[in-house]
Amino acid sequence: MFQIGDLLFYGTNGVCRVSEICSSPFDSTDTRTFYKLTPISEHSTLVIFTPIDNDRVVMRPLISKDEAETLIARLKEIEKVTVAVEKHRKDAYREAIRDAAPEGFVKIIKTVRARRELFRKTRRRVPDLDNDFEFTAKTCLYGELCTVLGVPREEIHRIVSEAILEAQ
């Protein structure tokens, strides 16, 4: 169980702070206990209420500083998302993002970057599906790494981009 003030990773909302532990704000007859979460992104005004025993959305502790540094060291080794049939790409992206593991976010970012390069060469537009999943993956990955390492977002973006470029 998380405590008030703890940081956690919540679904595709990324890093959130537990600002309150309370009863349901929606139904006074609901006996469950809820977390009131506030995403730490400076652009977000979202407030999330979720049951503390929610098993539908991934709610996990942040990775450690050592795990973050290991992930950065392994960026080149992490494989891209591969699909045999293009119409299964959405499912493959969902699978990569489902457990909210940083490696899944990296896979999506690497895949979309490679596809963007391919599409640029053939003068085609990158599908919105790729852009949407890339945005979610970057938001989640960069937010967690920035928080854990205490590094500005631009620095995380630079580190990840350079590693992906070297891997191609």
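It should be emphasised that the depicted structure is a prediction, and the values quoted were computed from it without experimental measurement.

*Asks:* So what exactly am I meant to see when it comes to the pairing of strand 1 (residues 7–10) here?
*Replies:* Consecutive side chains of a regular strand alternate in pointing toward one face of the sheet and then the other. In terms of strand pairing, strand 1 meets strand 2 (residues 14–23) through 4 bridges, oriented antiparallel. Each bridged residue has a counterpart across the sheet, and for Tyr10 the counterpart in strand 2 is Gly14. Here 3 bridges tie strand 1 to strand 5 (residues 59–61), and the two strands are oriented antiparallel to one another. Residue pairing for strand 5: Tyr10 is matched across the bridge by Met59.

*Asks:* Honestly, the packing of helix 3 (residues 102–121) against helix 4 (residues 128–149) in this entry has me stumped. Any pointers?
*Replies:* Two measures define how a pair of helices packs: the angle their axes make with one another and the distance between the axes. Where helix 3 contacts helix 4, the axes come no closer than 9 Å and their chain directions differ by 135°. The orientation of helix 3 relative to helix 4 falls into the category oblique. The element helix 3 and its partner helix 4 pack so that their crossing is left-handed. Within the contact between the two elements, helix 3 uses Pro102, Phe105, Val106, Ile108, Ile109, Val112, Arg115 and Arg116 and helix 4 uses Asp130, Asn131, Phe133, Glu134, Ala137, Lys138, Cys140, Leu141, Tyr142 and Glu144. For the contact of helix 3 with helix 4, a count of residues per class yields 11 nonpolar, 1 polar and 6 charged.

*Asks:* What is the right way to read the pattern of salt bridges from this model?
*Replies:* When the charged atoms of two side chains with opposite charge come close together, those side chains can pair. Tallied over the entire structure, the rule returns 15 salt bridges. The partner of Asp128 in a salt bridge is Arg125, and the shortest N-O contact between them spans 2.7 Å. Its relative accessible area of 43% is what places Asp128 among the partly exposed residues. Relative accessible area serves as the criterion here: at 60%, Arg125 is assigned to the exposed category. Members of the salt-bridge network, linked through shared partners, are Glu86, Arg89, Arg115 and Asp130.

*Asks:* Sorry, what's going on with the side chain of Ser24 here?
*Replies:* Relative to the assigned elements, Ser24 resides in the loop between strand 2 and strand 3 (33–39). Within the structure, the side chain of Ser24 is placed 3.1 Å from the backbone nitrogen of Phe26, a separation counted as a polar contact. A polar atom in the side chain of Ser24 sits 3.1 Å from the backbone nitrogen of Asp27. Sequence-distant contacts of Ser24, defined by excluding residues within four places in its chain, comprise Asp30, Arg32 and Phe34.

*Asks:* I tried to follow helix 3 on my own but got confused; where do I start?
*Replies:* Every α-helix winds through 3.6 residues per turn, so residues three or four apart in the chain are directed the same way. In a regular helix each residue adds 1.5 Å, so 20 residues correspond to 28 Å; helix 3 covers 29 Å between its end C-alpha atoms and thus fits that length. Pro102, Gly104, Phe105, Val106, Ile108, Ile109, Lys110, Thr111, Val112, Arg115 and Phe119 are the residues of helix 3 that are buried. Two residues or fewer after helix 3 comes Arg123, characterised by a positive phi angle close to 55°.

*Asks:* Help me understand the nonpolar core, please; the structure alone is not making it clear to me.
*Replies:* Across soluble globular proteins, nonpolar side chains have a tendency to be buried as a group. In this structure, Phe105, Ile108, Leu141, Leu145, Ile156 and Val160 are the most contacted members of the largest nonpolar core, which totals 31 residues. Among the elements of the structure, helix 1 (65–73), helix 2 (89–98), helix 3, helix 4 and helix 5 (153–167) are those that each provide at least two residues to this core. Of all the elements, helix 4 adds the most residues to this core, at 9 residues. Excluding residues that lie within four positions of it along the chain, Ile108 makes contacts with Val81, Tyr93, Ala96, Ile97, Phe133, Glu134 and Ala137. Counting residues in hydrophobic clusters, the runner-up holds 9 residues, among them Phe2, Tyr35, Leu37 and Met59.

Reading guide: rules and limits
- Residues numbered from 1 in each chain as written.
- Predicted model: local features only at pLDDT ≥ 70, side-chain atom pairs only at ≥ 80, totals over all residues.
- Heavy atoms only, no water.
- Pairing = 2+ DSSP bridges.
- Helix = DSSP H or I, 4+ residues; strand = E, 2+ residues; numbered from the N terminus.
- Axes fitted to C-alpha atoms, helices over the stretch in contact; angles between N-to-C directions.
- Parallel < 35°, antiparallel > 145°, perpendicular 65-115°, else oblique.
- Left-handed = near helix turned anticlockwise from the far one by under 90°.
- Contact = heavy atoms within 4.5 Å.
- Nonpolar A, V, L, I, M, F, W, Y, C, P; charged D, E, K, R; others polar.
- Salt bridge = Lys/Arg side-chain N within 4 Å of Asp/Glu carboxyl O.
- Buried < 20%, exposed > 50% of the residue type's maximum accessible area, 1.4 Å probe, protein only.
- Polar contact = N/O pair within 3.5 Å; in protein donor to acceptor, adjacent residues only side chain to side chain.
- Expected span 1.5 Å × (residues − 1).
- Core = buried A, V, L, I, M, F, W, Y, C linked by side-chain atoms within 4.5 Å.

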